[in-house]
Amino acid sequence: MARPQPFPGLVLDGRLRAATVRPLARELLADHHPLGVSTGYMATRREDWATLVRRACAVSSFAVELSALSERELPGLLAFLAGRPRLPFNYLSVHAPTKGLRRPEGELVALLASLPGHVDAVVVHPDAIRHAEAWRPLSHRLVLENMDARKPVGQRPGQLAELFAVLPQAGFCLDVAHAAAVDPSMRLAHALLDAHGARLRQVHLSSLRRDRSSHVALTRRDEARFRPVLRRCPDVPWILEAPPPR
């Protein structure tokens, strides 16, 4: 059965538009499949979910991460997804809120657990988890992301292992830029894959600003130093957390 197309007139394919990236990045990114983007970098249209989906599709229609980074964005995302049987992606993840957290932890988990069944993953920051047992209702859809040095926890394999011991069905999202910010030698990124590669569900790919405050398009320098790590992640979606490098 053909996948429904809720955005008529949009030309879809499963690869990065090769014309949108510079030649070196094209070799790294456009030849990788599957590939997708996070809507988190599209800050000017935040909460306009239909537009965010269109913009994500314009980069790649294979995978997407819909980012409800503030708790106030989550009800609108739930309503948007409830009104559509499917979106035109083979892989759909949702980034759970990291800011403005006001609801009790169990209530937030219940909202995330109510996401439609075609949402494949819910990406969560370890520092947002106060009581790991509370997150068990997400089951296999829960995906834990490694953190950068600004966070109090979640950078090291052992810290993630403590959470996985309580949440054995959870998956792992490798944020390559976060790992590089903690250890520029990239040994930490390899250690994370050594420890948790069997749980790998997706990769977050970008560079970071010099002050490490936000994600930016992948730089030439990072293309080179991330490549050995990315070669170990061939069969999961790479989610761009910044615009494709030009």
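Structure: above.
Residues numbered from 1 in each chain as written. Predicted model: local features only at pLDDT ≥ 70, side-chain atom pairs only at ≥ 80, totals over all residues. Heavy atoms only, no water.

### Things to note about the side chain of His196
Its location among the elements puts His196 in helix H7 (residues 187-196). You can call His196 buried: its relative accessible area is 6%. For His196, the residues in contact, after removing those within four places along its chain, are Pro157, Leu160, Ala161, Phe164 and Phe172. (Helix = DSSP H or I, 4+ residues; strand = E, 2+ residues; numbered from the N terminus. Buried < 20%, exposed > 50% of the residue type's maximum accessible area, 1.4 Å probe, protein only. Contact = heavy atoms within 4.5 Å.)

### Digging into the nonpolar core
Judged by nonpolar contacts, the single largest core of 64 residues is most densely connected at Leu66, Leu112, Trp135, Leu174, Val203, Leu205 and Trp238. When residues in this core are grouped by element, the largest group, 6 residues, is from helix H2 (residues 49-59). The contact partners of Trp238, leaving out residues within four places of it in the chain, are Leu28, Leu29, His32, Pro34, Leu35, Gly36, Val203, Leu205, Leu230 and Cys233. Counting 8 residues, the second largest nonpolar core, distinct from the first, contains Tyr91, Ala121, Val143 and Cys173. (Core = buried A, V, L, I, M, F, W, Y, C linked by side-chain atoms within 4.5 Å.)

### Observations concerning the pairing of strand E1 (residues 35-38)
Pairing analysis gives 3 bridges linking E1 to strand E10 (residues 238-240), with the strands arranged parallel. For Leu35, the partnering residue across the bridge sits in E10 and is Trp238. Between E1 and its parallel partner strand E2 (residues 63-67), the chain crosses via H2, and the hand of that crossover is right-handed. (Pairing = 2+ DSSP bridges. Right-handed = clockwise from strand over helix to strand, strands pointing away.)

### Describing the pattern of salt bridges
The final tally for this structure, using the stated rule, is 9 salt bridges. Among the salt bridges present, the one from Arg103 reaches Glu71, with a minimum N-O distance of 3.2 Å. Here Arg103 is found in the loop between strand E3 (91-95) and helix H4 (105-113), whereas its partner Glu71 is found in the loop between E2 and helix H3 (74-82), with 32 residues between them in sequence. On the accessibility criterion, Arg103 (28% relative accessible area) is partly exposed. (Salt bridge = Lys/Arg side-chain N within 4 Å of Asp/Glu carboxyl O.)

### Structural notes on the sheet that holds E10
Ordered in space as E1-E2-E3-E4-E5-E6-E7-E10, the 8 strands form a closed barrel in which the pairing is parallel. Sheet twist, expressed as the average angle between the axes of neighbouring strands with direction ignored, equals 25°. Bridge analysis of strand E4 (residues 121-124) against strand E5 (residues 142-145) gives 3 bridges, and the strand direction is parallel. The partner of Val124 across the bridge, within E5, is Leu144. (Axes fitted to C-alpha atoms, helices over the stretch in contact; angles between N-to-C directions.)

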